[in-house]
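Spelled out, the chains give:
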Amino acid sequence: MFDSVRSISVKSNIFSTITFLLIILVIISSDSIISNVSLNSQVFMHEKISTNHDHHLQPHKNSRALQTKSADADVDSSLFEESHVADSEIIEFFSRNRCRVQLFMTWISPAESFGERELFGLESLFKTNPESCLIILSNTMDSIHGSKALQPLIEIGFRVRAISPDLSSLLSNTPAENWFNEIMNGTKNAGEIPLPQNLSNLIRLAALYKYGGVYLDTDFIILKDLSSLRNSIGAQSVDVNGNWTRLNNAILVFDKNHDLVYKFMEEFASTFDGNIWGHNGPYLVTRVVDREAKTRDFNFTILPPMAFYPVDWTRIPRFFARPNDLAEQRWVQAKLRQLSLTSYGVHLWNRQSNRLHIEEGSIIRSLISDHCVFCYRPLSSS
């Protein structure tokens, strides 16, 4: 009997131990399952929130293009935000001010990047073209910060305004309308180059086609009155015989509804390549003129390089450098005389020169000093 009781007691202890271990295992397993579910839920919720946030910032489905665009610190993504500025505002601004010259610029970087050099460019523009009117097509400059930057010029009577472009309206009834719609709905590959850079090439064409006037990049120092120019484009380079070899779209002068500008937009839409720098800009105007001008007269003028590109981008550093001896001083003075006689402006090739210092005695410092509006303002070397 004793052995039987002992056996029952041992069995009972073994059963209790096994039961206790099973309970512990169940608790541990449940905790692990709950933790994993909670962790997965947090990841899902984070991914869902991130997706919604990206969708809010990026109104079309071409995620690769937008990621490339957003990664470029010098390009502002707000160019894609909806804007409902009617083109009647642009027409009203030009007509109300009785502009001698209608001017356009674009700006796709943050307003805080619109700095001293850009302002000196505007000063030179209004110093030589005081009765002109300038619209800067830019979402970022159409802001409190942008208005503050332009206010000194406005206060002394110059007519300049930043307007957010309504791209749908601007491109409607143009050869690029369908291209833009395909970009917006994600069926067209925008390529690796930030899309706003290519849109800037298109916006200038659409603005000139719809309103007529002069388009200028912001990295120009203007030396002369532009009102005498009509339907013109500048050659960037020529061969030994003086025949142009490359054109550039940093300055374009065309009447409203000009056929050649229409051809430029057709080419943009039909041959767009977002992976080759310049393909949709300077190379575009070069190949269109080379092809189309052989078959018909478009009533336009190709200006020689000295008009707007008197220095090649490979040699622009010399325009920023001080002369180191008498021979270089004489070269600077001779070049300044040549520019005053033959050039409407000097393109600064900002991609190559934006980190160059403007040295004392240099050509650029002399040009700025001679074409400034706020000449009492100290000129930094940067």
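See the structure shown above.
A short tour of the structure in this document, coming up. What you are looking at is a predicted structure, and each value in this text was computed from that prediction instead of being measured.

Cut-offs used in this document
- Residues numbered from 1 in each chain as written.
- Predicted model: local features only at pLDDT ≥ 70, side-chain atom pairs only at ≥ 80, totals over all residues.
- Heavy atoms only, no water.
- Disulfide = S-S within 2.5 Å.
- Helix = DSSP H or I, 4+ residues; strand = E, 2+ residues; numbered from the N terminus.
- Buried < 20%, exposed > 50% of the residue type's maximum accessible area, 1.4 Å probe, protein only.
- Pairing = 2+ DSSP bridges.
- Axes fitted to C-alpha atoms, helices over the stretch in contact; angles between N-to-C directions.
- Contact = heavy atoms within 4.5 Å.
- Core = buried A, V, L, I, M, F, W, Y, C linked by side-chain atoms within 4.5 Å.
- Parallel < 35°, antiparallel > 145°, perpendicular 65-115°, else oblique.
- Left-handed = near helix turned anticlockwise from the far one by under 90°.
- Nonpolar A, V, L, I, M, F, W, Y, C, P; charged D, E, K, R; others polar.
- Phe/Tyr/Trp six-rings, centres within 6.5 Å; stacked < 30°, edge-to-face > 60°.
- Right-handed = clockwise from strand over helix to strand, strands pointing away.

For the coordinates displayed, the defined rule picks out two disulfides. The partner cysteine of C99 in its disulfide is C133, sulfur to sulfur 2.0 Å. Classification of the bridge connecting C99 and C133 rests on its S-S torsion, roughly -95°, and on that basis the disulfide is left-handed. Residue C99 is located in the loop between α3 (87-96) and β1 (102-106), and its partner C133 is located in strand β2 (residues 133-137); the two are separated by 34 residues in the primary sequence. A relative accessible area of 0% means that C133 is categorised as buried.

Our next topic: the sheet that holds strand β4 (residues 213-216). The strand order β3-β2-β1-β4-β7-β6-β8 describes an open sheet built from seven strands, whose pairing is mixed. Two strands in the sheet have a free side with no partner beyond their single neighbour: β3 (159-163) and β8 (301-303). Each strand axis lies, on average, 35° off the axis of its neighbour in the sheet, ignoring direction. As paired strands, strand β6 (residues 232-238) and strand β7 (residues 244-254) are joined by five bridges and run antiparallel to one another. Bridge pairing in β7 places V238 opposite W244.

Listed as buried for helix α10 (residues 282-292) are P282, L284, V285, T286, V288, V289 and E292. Looking at the buried positions of α10, the neighbouring elements they touch are β6, β7, α9 (259-271) and β8.

We now examine the nonpolar core. Counting 52 residues, the largest nonpolar core has I136, L216, L226 and F308 as its most contacted members. Contacts of I136, omitting those with residues within four sequence positions, involve M105, W107, F114, M141, L150, V160, R161, A162 and I163. If you look at the next biggest cluster of nonpolar residues, it comprises 46 residues, including A176, L208, Y211 and M265.

Before going further, it helps to spend a moment on the packing of helix α4 (residues 116-128) against helix α5 (residues 144-155). Where α4 meets α5, the closest approach of the two axes is 11 Å, and the angle between their N-to-C directions is 25°. With respect to their mutual orientation, α4 and α5 come out roughly parallel. Both α4 and α5 take part in a crossing whose hand is right-handed. Of α5, the residues touching α4 (which contributes L119, L122, E123 and F126) are A149, L150 and L153. For the contact of α4 with α5, the residue count by class is six nonpolar, no polar and one charged.

A complete count under the given rule lists 15 aromatic pairs for this structure. A centroid spacing of 5.7 Å and a plane angle of 50° characterise the contact between Y209 and Y262, whose relative ring orientation is tilted. Separated by 53 residues along the polypeptide, Y209 in helix α8 (residues 195-211) and Y262 in helix α9 bring together distant segments of the chain. Take Y262: its relative accessible area is 31%, and that puts it in the partly exposed class. Ring plane angle 90° and centroid distance 5.9 Å describe the contact between F220 and F308, whose orientation is recorded as edge-to-face. Here the residue F220 occupies a position in strand β5 (residues 220-222), and F308 occupies one in helix α11 (residues 305-308), the gap between them amounting to 88 residues. Across the pair, exposure class does not vary: F220 and F308 are buried alike. What links up through ring pairs into an aromatic cluster is the set F220, F308, Y309, Y344 and W349.

On to the environment of V253. Looking at the secondary structure, you find V253 in strand β7. It is 8.9 Å that separates the C-alpha atoms of V253 and L216, two residues lying 37 residues apart in sequence.

Moving on, we get to the side chain of R204. The topology assignment puts R204 in helix α8. Ignoring any residue separated from it by four or fewer positions in sequence, one finds R204 in contact with T106, Y215, D217, N249, A250 and L252.

Now for the pairing of β1. Burial runs high along β1: four of the five residues are buried. As paired strands, β1 and β2 are joined by five bridges and run parallel to one another. Bridging across to β2, M105 finds its partner in I136. Taken together, β1, α4 and β2 constitute a β-α-β crossover, and its handedness is right-handed. The pairing of β1 with β4 spans two bridges and is classified as parallel. Bridge assignment links F104 to a residue of β4, and that residue is Y215.

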